[in-house]
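Chain by chain, the residues run as shown.
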Amino acid sequence: MLSRISKIVLFLIAFICMCLHSKILRAHEGWGIVVDNSGNIYFADIPQNKIWKFSREGKLTVAVPDQHSHALIKSADGSIYGSHENGRIWKLTPLGQYQEIHPPSQTFPLSLHSFIIDSKGSVYSMNAGRIQSGQALLLKRSIDGKIDTIAGGNGGIKDGKGRDAQFISIDGMAWSADSFLYITDGPYVRKVSRDGVVTTITSKLSQDSWEDLMGIFVSKPGAILVADYAGRRILKVSSNGTIEDVLNSSGIWSPTGISEDGNDLYILEHLRGPLVLFGNVGIGPYMRIQKITANKQVITLTTVWGSNTFIPVLIFLLITALIVYKRVRKNATRS
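Everything quoted here is computed from the prediction, not taken from an experiment.

A. Spotlight on the overall build of the chain. If you tally the helices and strands in the chain, you get four helices and 25 strands. The buried share of the chain, reckoned over its 335 residues, is 49%. Pairs at least 24 apart in sequence give 41% of the contacts found in the chain among residues at least 6 apart. Accessible area of the chain: about 16,800 Å², with a carbon and sulfur share of 56%.

Next up, the structure:
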């Protein structure tokens with residue numbers, strides 16, 4: 001038979017698990033991180049559904065609440081764009097004003113799990129309903145609402161032009177100065193020309209069957225930087241496929257996103273699996289921003305802690321109080 005204390009502890013654990021169960025199922029890592037024209041850092045928080053701002057003065061605040069955006073895009077005028085898989089596209093102006101560019105729509109053809117915007121305002125993303133249809137398409141939605149298929153067909157990995165090419169699952173997307181679109185597609189780095197020619201430029205990088213490559217960034221010198229979450233590293237990929245390690249994360253952390261400001265790199269990191277579950281339920285530190293300076297110095301700028309961090313402490317204190325109470329009562333009965 002369980003003691004009264006054991007029953008109370010089990011009840012508390014079960015109650016907490018029920019409250020957080022939906023969060024565990026739907027939460028995962030985002031790779032959105034950008035630096036605006038004033039040097040402020042914005043990054044996506046998928047577990048808590050918000051966009052954080054870390055100012056150049058070192059202050060962490062919520063820039064956009066209640067928004068679930070895996071990717072963040074900065075436009076030439078300094079606006080920050082985000083999206084949601086329900087069809088919503090929004091932006092944060094350089095003055096900090098939130099504007100909805102496209103309202104939620106269940107019939108929106110783009111998935112918006114990952115997305116990017118060109119200089120004309122066209123939005124690129126994979127097709128919605130990809131799993132049901134079996135098709136993996138890279139679509140372009142022009143500002144007038146016209147939808148074009150850039151490339152893709154049945155799911156897979158195949159180079160080619162237009163519908164002859166195949167994709168697995170696009171996450172990170174980044175433009176280069178010469179107007180190529182670089183993507184992380186499953187464990188591969190690939191590039192797509194404006195007319196839909198798809199070329200794979202690396203061999204399989206991630207060896208993990210569950211975690212693909214995530215964020216990608218093309219630096220001003222033209223280096224392709226990739227976040228390998230499973231490999232716990234930031235990679236520099238040349239145009240001919242040569243690989244170089246830029247950062248190897250330590251301890252409990254793994255990189256998901258990359259951005260740049262001048263000669264400095266900014267890395268978004270999450271807890272590595274299976275510790276990521278603690279971040280998903282909001283317990284303990286679960287995200288942080290690393291800065292890599294031009295002289296290769298690595299600095300932790302900020303760490304985000306879960307809003308439920310106090311729960312384990314509360315449980316510990318409650319259990320301790322119950323044990324002490326039981327012992328005191330037992331001793332009083334004996335005397």
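Let's pick the thread back up.
B. A nonpolar patch on the surface, seen in detail. On the surface, a cluster of nonpolar side chains totalling about 230 Å² of accessible area is made up of Ile252, Leu275 and Phe278. A residue is classified by how much of its surface remains accessible, and leucine 275, at 31% relative accessible area, is partly exposed.

C. Highlighting the pattern of salt bridges. All chains considered together, the criterion is met by ten salt bridges. In this structure, lysine 291 and aspartate 264 form a salt bridge, with 3.7 Å as the shortest nitrogen-oxygen distance. You can see lysine 291 sitting in strand β24 (residues 285-292) and its partner aspartate 264 sitting in strand β23 (residues 264-271), a full 27 residues away along the chain. The class of aspartate 264 is buried, set by a relative accessible area of 19%.

D. A look at the sheet that holds strand β12 (residues 147-154). Taken in spatial order, the four strands line up as β9-β10-β11-β12 in an open sheet, and their pairing is antiparallel. In this open sheet, the two edge strands, each paired with only one partner strand, are β9 (110-117) and β12. Strand-to-strand twist of the sheet, defined as the mean angle between neighbouring strand axes without regard to direction, takes the value 20°. Judged from the seven bridges that link them, strand β11 (residues 135-141) and β12 form a sheet pairing that is antiparallel. Note that in β12 the partner of lysine 140 across the bridge is aspartate 148.

E. Up close: the pairing of strand β16 (residues 188-192). Within β16, four of the five residues are buried, which leaves the element mostly enclosed by the surrounding structure. Here five bridges tie strand β15 (residues 181-185) to β16, and the two strands are oriented antiparallel to one another. Opposite threonine 184, over in β16, you have valine 189 as the bridge partner. Taking the residues between adjacent antiparallel strands as the criterion, β15 and β16 are bridged by two residues, where glycine 186 takes a positive phi near 60°. Where β16 meets strand β17 (residues 197-200), three bridges bridge the pair, whose relative direction is antiparallel. Paired with valine 192 across the two strands is valine 198, which belongs to β17. Linking two consecutive strands that pair antiparallel, namely β16 and β17, is a turn of four residues; a positive phi of about 90° is found at glycine 196 within it.

F. Spotlight on the sheet that holds strand β3 (residues 50-54). In space, the four strands of this open sheet follow the order β1-β2-β3-β4, with antiparallel pairing throughout. Where the open sheet ends on each side, the last strands, each with one partner, are β1 (33-35) and β4 (60-65). Direction aside, the axes of adjacent strands within the sheet are offset by 25° on average. Across three bridges, the pairing between β1 and strand β2 (residues 41-45) is antiparallel. Bridge pairing in β2 places valine 34 opposite tyrosine 42.

Quick notes on the rules
- Residues numbered from 1 in each chain as written.
- Predicted model: local features only at pLDDT ≥ 70, side-chain atom pairs only at ≥ 80, totals over all residues.
- Heavy atoms only, no water.
- Helix = DSSP H or I, 4+ residues; strand = E, 2+ residues; numbered from the N terminus.
- Buried < 20%, exposed > 50% of the residue type's maximum accessible area, 1.4 Å probe, protein only.
- Contact = heavy atoms within 4.5 Å.
- Areas by Shrake-Rupley, 256 points an atom, 1.4 Å probe, with all protein chains shown as cover.
- Patch = residues over 30% accessible without salt bridge, like charges linked within 9 Å, V, L, I, M, F, W, Y side chains within 5 Å.
- Salt bridge = Lys/Arg side-chain N within 4 Å of Asp/Glu carboxyl O.
- Pairing = 2+ DSSP bridges.
- Axes fitted to C-alpha atoms, helices over the stretch in contact; angles between N-to-C directions.

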